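A closer look at the structure
Residues per chain, in single letters:
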Amino acid sequence: MPTQNKHTLSAKVWIEHKGNPLIGRGGAEILKNIEKSNSISKAAVTLNMSYRYVWNYIQKIEKAIGEPIVETYKGGKAGGGGAKLTDLGRSLLAEYTQLENHMKKVLSTPNNYYEGATLKGKLSKIEKENSITKVTIKLNQQPTSITMTIPKEIFEKLNLKVSDEVEAVIRQTEVKIEKYSPFTL
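Right, let's walk through the structure included here.

Rules used throughout
Residues numbered from 1 in each chain as written. Predicted model: local features only at pLDDT ≥ 70, side-chain atom pairs only at ≥ 80, totals over all residues. Heavy atoms only, no water. Helix = DSSP H or I, 4+ residues; strand = E, 2+ residues; numbered from the N terminus. Buried < 20%, exposed > 50% of the residue type's maximum accessible area, 1.4 Å probe, protein only. Contact = heavy atoms within 4.5 Å. Areas by Shrake-Rupley, 256 points an atom, 1.4 Å probe, with all protein chains shown as cover. Core = buried A, V, L, I, M, F, W, Y, C linked by side-chain atoms within 4.5 Å. Expected span 1.5 Å × (residues − 1). Arc of directions from axis to C-beta. Polar contact = N/O pair within 3.5 Å; in protein donor to acceptor, adjacent residues only side chain to side chain.

Counting secondary structure elements, the protein contains six helices and nine strands. Relative to its full complement of 185 residues, the protein shows a buried share of 34%. Across the protein, contacts joining residues at least 24 apart in sequence account for 44% of those joining residues at least 6 apart. Carbon together with sulfur atoms contributes 51% to the accessible area of the protein, which is approximately 12,200 Å² in total.

Side chains of nonpolar character tend, in soluble globular proteins, to be buried together. Counting residues in each nonpolar core, the largest one holds 38 residues, and the members touching the most others are Ile34, Ile69, Val70 and Ile137. Ignoring sequence-local partners within four residues, the contact set of Ile69 consists of Leu31, Ile58, Ile61, Glu62, Lys84, Leu85, Thr86, Leu88, Gly89 and Leu92.

The end-to-end C-alpha separation of helix H3 (residues 51-65) is 22 Å, in line with the 21 Å expected for 15 residues at 1.5 Å each. Among all positions in H3, only Val54, Tyr57, Ile58, Ile61, Glu62 and Ile65 are buried. Angularly, the buried residues of H3 cover 130 degrees about the axis, an arc narrow enough to put them on a single face. Facing away from the buried side of H3 by more than 90 degrees, the exposed set consists of Arg52 and Lys63. In the stretch just after H3, Gly66 is the one whose phi turns positive, near 75 degrees.

Moving on, we come to the side chain of Thr86. Structurally, Thr86 can be placed in the loop between strand S4 (82-85) and helix H4 (87-108). For Thr86, a relative accessible area of 15% corresponds to the buried category. Among the polar contacts made by the side chain of Thr86, one reaches the main-chain carbonyl oxygen of Pro68 at a distance of 2.9 Å. Apart from residues lying up to four places away in sequence, Thr86 is in contact with Pro68, Ile69, Val70 and Glu71.

Quick look at helix H1 (residues 25-37) now. In a regular helix each residue adds 1.5 Å, so 13 residues correspond to 18 Å; H1 covers 18 Å between its end C-alpha atoms and thus fits that length. All of the buried residues in H1 are Gly27, Ala28, Ile30, Leu31, Asn33 and Ile34. The first or second residue beyond H1 is Asn38, which carries a positive phi of 55 degrees.

In this section: unusual backbone geometry. The backbone of Asn38 shows a phi angle near 55 degrees, a positive value even though the residue is not glycine. With a phi angle near 55 degrees, Asn48 is a residue other than glycine that sits in the positive phi range. Mapped onto the fold, Asn48 is located in the loop between helix H2 (40-46) and H3.

Laid out in C-alpha cells, this is it:
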C-alpha cells in the first residue's frame, strides 16, 4: 500500500471557445462577484482588481463569443447604477462551476488518486501538430469537453477518429486515452 503523501492533486480547468481559453477560475470569480454584488466596481474591489481590468476582461469574453455576458444599467440622479449577468453569463458561470466541482471530486476520491479516474465521452476534435496530436473529448452527461495532447505515435496506434467513444483516465501524473468499448472487461 502506498504511503500517505504530503501533497494534494490539483488541476486547472477552463472553458474554451473556438480553441481559445474563455473563462477559468479568475473569470468565474469575477462573474460570481458581479452576480453577488450587482456591480462591476464592487466585484473589482472585493477581488482586489482594478475596475479597468475587470471591465476589459468582460469585454474580451464578449468580443470572443459575440454576445454580452454582463448587462449594465445607469441609475438616476442619486446614482444607483449596476450590473447583472445575462443568461449567457449565468450559463458560463454555472458550466465552469460544474466542471471545477467535478474535477475536485475526481481528484479527491482516494481510489482515483492511485488508480485513476475515468471520464467517458465522444471524440469531438482532432488537431495534428508536429510530434503531438491534440484531442478534444465531449464528456458524456456533462456540458463539458476536455482537451489533451498525446504523442503522435500513440495517437496513430489507437486508430481514433472523430465521433469514436473514448475513455480518458486521469492519473496522478498522466492522462491516458483509449478507444471505449462496452465489452471491455
